[in-house]
Amino acid sequence: MRIKIIGTGSFVPEKALSNAALEQMVETSDAWIRERTGIGSRRITETGTTDMAVRAARRAMEMAGLSPGELDLIVVGTSTGDCLFPGTACEVQAALGAERAACFDLSAACSGFLFSLNTASVYLEAGTYRTALVVGADTLSKTVDWSDRGTCILFGDGAGAALLERTESGAEPEAGGRKSEDAGRENVDRPAAGERESRMGPFLMRADGGRGGVLRCQAAPLRNPFIKEENAGDFGYLSMNGQEVFRFAVKTVPEALEELLAKAGVPAEDIRYFVLHQANERIIASVAKRMRQPLSKFPMNLEHYGNTSGASIPILLDELNREGRLGRGDKLALAGFGAGLTWGATYLVW
Ligand code: ACO
């Protein structure tokens, strides 16, 4: 039995907010933002998290050739749904018409997609479900204080999706879409036939709630007959100790990857791509150095989209897939980190 990705999709809003535009809003510069983060622009939604999630999901479904009625499970990794309830996954279900699917959201901030992917794959592996739609979708633009130059330059909105299917060994469709072909892929050594069977796992998920204060966003304040109005507090903006988060990321991400690869029994040299959460180019470069792997194995798109939180990994995965850069048997290591603090990693053979 194998769990594999049979379709990917992504969506980013049309409206772009460039560094030049931010220069007009806060005291910053294109040069500072590029040098410290690698970000040049970000996309901002006018429709919200559910709309982006649905568009990304439709693209993944289309690629896989799967009808909504065949969907067993929908998990949306998001911390910025349009509503506290119903959950985004239920709204996606309604938009797709996936009436049979069980639906829930998973909140792990920027680790949301990875945690959702791992969770869904366990349901499939247990035999509970055969197919699962996993979406990472976030609207960080509504959580930032647009007058705070320390945070507003970092984030963008978007959604990405992956469609998982459980298949019996030897009876599986081509990875990355039932219709996909090898044509157009980069000319690289491919694994031998025996090692080319698509699969997912091992994976790891970690959290350190004790350090949650370094990256936080308050939800609705308490309002009830026992709380005095003046003590109620406000809806908060995202607050972050950037240097702490930076230090946390450059330590935990390589450690997680090393542990993951040891568990998988795969040397880092064998990994075709490390698909990392797109928060900061310097964080990614530091992870590459620590892993002693060339930066070319660490694809990036954060220059165009900024940090899209739970959406960043599936957007990147979809871009790699649609550009024909993933071939059957390619070994991938996914890793992310975010508020919580949370971090995790997933090994998969495409
Ligand atoms: N433009 C110009 N100057 C700025 C800006 C800005 N946008 N922001 C901060 N500065 C200034 C600071 O005020 C400071 O000035 P000072 O020296 O006069 O005090 C100086 O630049 C240096 O500030 P630092 O905070 O030390 O800058 P640093 O090099 O650490 O970069 C950054 C800041 C980009 C936020 C970095 O710390 C970082 O990327 N951290 C990780 C953040 C992250 O990944 N967050 C997402 C987590 S995922 C999730 O779950 C949402």
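Everything in this summary refers to the structure shown in the same document.

Rules and cut-offs
Residues numbered from 1 in each chain as written. Predicted model: local features only at pLDDT ≥ 70, side-chain atom pairs only at ≥ 80, totals over all residues. Heavy atoms only, no water. Core = buried A, V, L, I, M, F, W, Y, C linked by side-chain atoms within 4.5 Å. Buried < 20%, exposed > 50% of the residue type's maximum accessible area, 1.4 Å probe, protein only. Helix = DSSP H or I, 4+ residues; strand = E, 2+ residues; numbered from the N terminus. Contact = heavy atoms within 4.5 Å. Polar contact = N/O pair within 3.5 Å; in protein donor to acceptor, adjacent residues only side chain to side chain. Near = heavy atom within 4 Å. Nonpolar A, V, L, I, M, F, W, Y, C, P; charged D, E, K, R; others polar. Phe/Tyr/Trp six-rings, centres within 6.5 Å; stacked < 30°, edge-to-face > 60°. Salt bridge = Lys/Arg side-chain N within 4 Å of Asp/Glu carboxyl O. Pairing = 2+ DSSP bridges. Axes fitted to C-alpha atoms, helices over the stretch in contact; angles between N-to-C directions. Expected span 1.5 Å × (residues − 1).

Ranked by size, the top nonpolar core spans 47 residues in total, and within it Leu 257, Leu 261, Phe 274, Leu 276, Val 287 and Phe 337 carry the most contacts. Every element with two or more residues in this core is listed here: helix H6 (242–264), strand S11 (273–276), helix H7 (281–290), strand S12 (331–338) and strand S13 (342–349). Counting residues per element, this core draws most heavily on H6, which supplies 8 residues. Other than its neighbours up to four places away in sequence, Val 287 contacts Val 253, Pro 254, Leu 257, Leu 276 and Phe 298. The next biggest cluster of nonpolar side chains, apart from the first, holds 28 residues, and it includes Leu 106, Leu 124, Tyr 273 and Trp 350.

Along the polypeptide, His 277 turns up in the loop between S11 and H7. Within the local environment of His 277, its side chain forms a polar contact with the side chain of Ser 312, the two groups lying 2.7 Å apart. Sequence-distant contacts of His 277, that is, excluding residues within four places in its chain, are made with Cys 110, Ile 284, Asn 307, Ser 309, Ser 312, Ile 313, Ala 335, Gly 336 and Phe 337.

The next subject is the site of the ligand. The immediate surroundings of the ligand are formed by 26 residues, with Thr 28, Arg 36, Cys 110, Gln 243 and Asn 280 found nearest. Arg 36 is positioned with one of its side-chain polar atoms (N or O) 2.7 Å from an oxygen atom of the ligand. Within the backbone of Gly 242, an N or O atom sits 3.0 Å from a nitrogen atom of the ligand. If you list the elements that add at least two residues to the shell around the ligand, you get helix H2 (30–37), H6, H7 and S12. For the shell around the ligand, the leading source of residues is H6, giving 4 residues. For the shell around the ligand, a count of residues per class yields 13 nonpolar, 9 polar and 4 charged.

This model, assessed by the stated rule, comprises 5 aromatic pairs. Centre to centre, the rings of Phe 274 and Phe 298 are 4.6 Å apart; their planes meet at 5°, and the pair counts as stacked. Note that Phe 274 is positioned in strand S11 and Phe 298 in the loop between H7 and helix H8 (302–305), a separation of 24 residues in sequence. A relative accessible area of 2% places Phe 298 in the buried class. Here a set of aromatic residues connected by ring pairs shows up, and it is made of Phe 104, Tyr 123 and Tyr 129.

Evaluated as defined, the whole model comprises 16 salt bridges. A salt bridge links Arg 55 to Asp 51, with the nearest nitrogen and oxygen atoms 3.0 Å apart. Taken as a pair, Arg 55 and Asp 51 lie in helix H3 (residues 49–64) at a separation of 4 residues, close to a single helical turn. Its relative accessible area of 37% is what places Arg 55 among the partly exposed residues. Here Arg 325 ties to Glu 323 by a salt bridge, and the two come within 3.1 Å at their closest N and O atoms. The partly exposed category is assigned to Glu 323, whose relative accessible area is 45%. Here the residues in one salt-bridge network are Asp 30, Arg 34 and Glu 303, joined through shared partners.

The next subject is the sheet that holds S12. Spatially, S8-S13-S12-S11 is the arrangement adopted by the 4 strands of the open sheet, whose pairing is mixed. The sheet terminates laterally at strand S8 (199–207) and S11, the two strands that pair on one side only. Taking each pair of neighbouring strands and ignoring which way they run, the sheet shows an average axis angle of 15°. In terms of strand pairing, S12 meets S13 through 8 bridges, oriented antiparallel. Note on S13: the bridge partner recorded for Phe 337 is Trp 343.

To continue, consider H3. Compared with an ideal rise of 1.5 Å per residue, which puts 16 residues at 22 Å, H3 spans 23 Å between its outermost C-alpha atoms and is within 8% of the ideal. Every buried residue belonging to H3 is among Thr 49, Thr 50, Met 52, Ala 53, Val 54, Ala 56, Ala 57, Ala 60, Met 61, Met 63 and Ala 64, and all of these are buried. Following H3 by one or two positions, Gly 65 adopts a phi angle in the positive range, close to 70°.

Assignment of secondary structure puts Leu 124 in helix H5 (residues 112–125). Separated by 51 residues in the primary sequence, Leu 124 and Leu 73 place their C-alpha atoms 9.3 Å from one another. Excluding anything up to four places from it in sequence, Leu 124 contacts Met 1, Ile 3, Tyr 129, Arg 130, Thr 131, Ala 132, Leu 164, Glu 165 and Arg 166.

The linkage connecting Gly 201 with the following residue, Pro 202, adopts the cis geometry, with an omega of 10°. Checked against the element boundaries, Pro 202 lands in strand S8. Note the cis peptide between Gly 340 and Leu 341, where omega equals -5°. Structurally, Leu 341 is set in the loop between S12 and S13. In this structure, Ala 109 takes a positive phi of about 50° despite not being glycine. Locating Ala 109 in the fold gives a position in the loop between strand S5 (102–106) and H5. In this structure, Arg 292 takes a positive phi of about 55° despite not being glycine. By the element assignment, Arg 292 lies in the loop between H7 and H8. Judged by its relative accessible area of 73%, Arg 292 falls in the exposed class.

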